[in-house]
Amino acid sequence: MIKGKAVRIESKDIYVLTEKNKELRCSLPGKFKKKYNLKKDKLRTLDIVAVGDYVEVELAAADHGIIKKIEERRNYISRKAPRIKGSGIRGGRLEQIIAANLDLFIHVASINEPEFNNRFVDRMIVIAESSNVEFALLINKIDLAEPVEYQKWEKLYNKLGYKVILTSAEEKMNIDAVKDLIAGKTTLLWGQSGVGKSSIANEIEPRINLKVGEISDFSGKGKHTTVTSRLIRLENNTEIIDTPGVRELEPFGIKKEDLGHYFVEFGDFIPECKFNSCTHFHEPGCAVRSAVESGEITAERYESYLNLLQTVEEDIIF
Ligand SMILES: Nc1nc2c(ncn2[C@@H]2O[C@H](COP(=O)(O)OP(=O)(O)OP(=O)(O)O)[C@@H](O)[C@H]2O)c(=O)[nH]1
Ligand SMILES: [Mg+2]
Ligand SMILES: [Zn+2]
């Protein structure tokens, strides 16, 4: 039996990086679908193996393996899978697993082209907090903005306790800070298309030479340059996962009454709300709302919270 880690998935082929640092194309026997997919008779996810999963493989040929075992995940990052038209899948939306067994989740954003979107950042934070993965924010393309534009956000997220790194992949600014942060860790790079995830990865290690989008591609709706997630093993136990850009971001399986707990600064106030079941929206005696009025919680974060509260209300919890 060979031990390894799933590093790339292309339809039915799962590429496993073995302990000897060799990539082996593997298949997943059908029995796994039955075993892992069903919870209370509902299909929960199609991603039985995800990038970052530890697996055991049996060789079927010199260049082909069969997956025999998938280790339980220490943690993972997911979202609601985009709706698939005509898929015939009824009921709740499926869970799309982005990556598993992470030490760090860096949300890569850009200050311009595409424009910084703090609501999107807050959704990313909710996903990280609810998955128990350390979160950091990377704001790229600072060469395209004045410091006042990004300093506001740097301050806001720092104050909440999140590490914020300001970079320019183009002008090679602050790449060392990224390298220091990821050293010895398995790190997910995730964010919108065109923000520079692959460009940052290339600056971390130029030899990996990932495909980077043409500037003109990003002027319109945004074209996805990276099409499959890929875990890249660097030296000294450092691994990074480059991912395709996301457009829609809805956290999976979050209950309305839990959402406030993933906004860390609400924590001091939630116990003071009049009602235990307070959703900090319209209830009388809500301490979170009072904190927004007094400026102890920023209006930006509260707006993100309300915005998300609407989407989780539609949620069907498995
Ligand atoms: N001005 C400027 N442009 C940058 C910077 N970083 C990346 N770019 C450009 O932004 C475009 C998109 O970069 P990518 O690295 O392909 O972005 P991505 O996030 O990997 O995009 P997807 O793979 O589609 O998700 C390319 O034209 C890069 O050259 C930066 O710091 N400053
Ligand atoms: Mg890319
Ligand atoms: Zn409340």
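Preceding this paragraph is the structure being described.
The shown structure was predicted, so the numbers you read here are calculated from the model rather than taken from an experiment.

Asks: Sorry, what's going on with the environment of Lys255 here?
Replies: Counting through the fold element by element, Lys255 comes out in the loop between β15 (239–242) and α6 (287–293). The exposed category is assigned to Lys255, around which 11 C-beta atoms lie within 10 Å. Once the C-alpha coordinates of Lys255 and Leu309 are considered, the two residues, 54 residues apart in sequence, prove to be 9.1 Å apart.

Asks: Please clarify how the nonpolar core should be interpreted in this entry.
Replies: Soluble globular proteins tend to pack their nonpolar side chains together in the buried interior. Counting 69 residues, the largest nonpolar core has Ile77, Ala99, Phe105, Leu188 and Leu189 as its most contacted members. Broken down by element, this core gets its largest block of residues, six residues, from helix α2 (residues 118–131).

Asks: Is there a simple way to think about the site of ligand 1 in this case?
Replies: By nearness alone, 24 residues border ligand 1, and Glu170, Gly196, Ser199, Thr226 and Gly245 come closest of all. When residues of the shell around ligand 1 are assigned to their parent elements, the largest contribution, three residues, is made by helix α5 (residues 197–204). Partitioning the shell around ligand 1 into residue classes produces seven nonpolar, 12 polar and five charged.

Asks: Can you walk me through the sheet that holds strand β13 (residues 186–190) in this structure?
Replies: Strands pair in a sheet through their backbones, by hydrogen bonds, and they do so in one of two ways: parallel or antiparallel. Read from one edge of the open sheet, six strands run β12-β11-β10-β13-β15-β14, paired in mixed fashion. On the outer flanks of this sheet lie β12 (163–166) and β14 (230–233), each paired with one strand and no other. Adjacent strand axes in the sheet meet at a mean angle of 25° when their direction is disregarded. Here four bridges tie strand β10 (residues 104–110) to β13, and the two strands are oriented parallel to one another. Bridge pairing in β13 places Leu104 opposite Thr187. Sitting on the sheet, helix α3 (residues 147–159) is in contact with β11 (135–140) and β12, with an inclination near 160° to β12. α5 rests against β10, β11, β13 and β15 of the sheet, and its axis sits at about 155° to β15.

Asks: Looking at this model, I keep getting lost on the packing of helix α4 (residues 175–182) against α5. Mind explaining?
Replies: The relative placement of two packed helices comes down to the angle between their axes together with the axis-to-axis distance. The contact between α4 and α5 brings their axes to 10 Å, and the two run at 80°. Comparing the axis directions of α4 and α5 gives the class roughly perpendicular. For the pair formed by α4 and α5, the contact residues are Ile175, Val178 and Lys179 on the first element and Ile200, Glu203 and Ile204 on the second. Along the lines of polarity and charge, the residues of the contact of α4 with α5 split into four nonpolar, no polar and two charged.

Asks: Help me understand unusual backbone geometry, please; the structure alone is not making it clear to me.
Replies: It is generally the case that most residues other than glycine have a negative phi and that most peptide bonds are trans. The omega angle of the peptide bond from Glu113 to Pro114 is -5°, so this bond is cis rather than trans. Position of Pro114 relative to the elements: it lies in the loop between β10 and α2. A positive phi angle is found at Ser11, which is not glycine, with a value near 45°. Tracing the chain through its elements places Ser11 in the loop between β1 (2–10) and β2 (13–18). Ser11 sits in the exposed class, given 6 other C-beta atoms within 10 Å.

Conventions we followed
Residues numbered from 1 in each chain as written. Chains lettered and ligands numbered in written order. Predicted model: local features only at pLDDT ≥ 70, side-chain atom pairs only at ≥ 80, totals over all residues. Helix = DSSP H or I, 4+ residues; strand = E, 2+ residues; numbered from the N terminus. Buried ≥ 20, exposed ≤ 12 C-beta atoms within 10 Å, placed from the backbone. Core = buried A, V, L, I, M, F, W, Y, C linked by C-beta atoms within 7 Å. Near = placed C-beta within 6 Å. Nonpolar A, V, L, I, M, F, W, Y, C, P; charged D, E, K, R; others polar. Pairing = 2+ DSSP bridges. Axes fitted to C-alpha atoms, helices over the stretch in contact; angles between N-to-C directions. Contact = placed C-beta atoms within 7 Å. Parallel < 35°, antiparallel > 145°, perpendicular 65-115°, else oblique.

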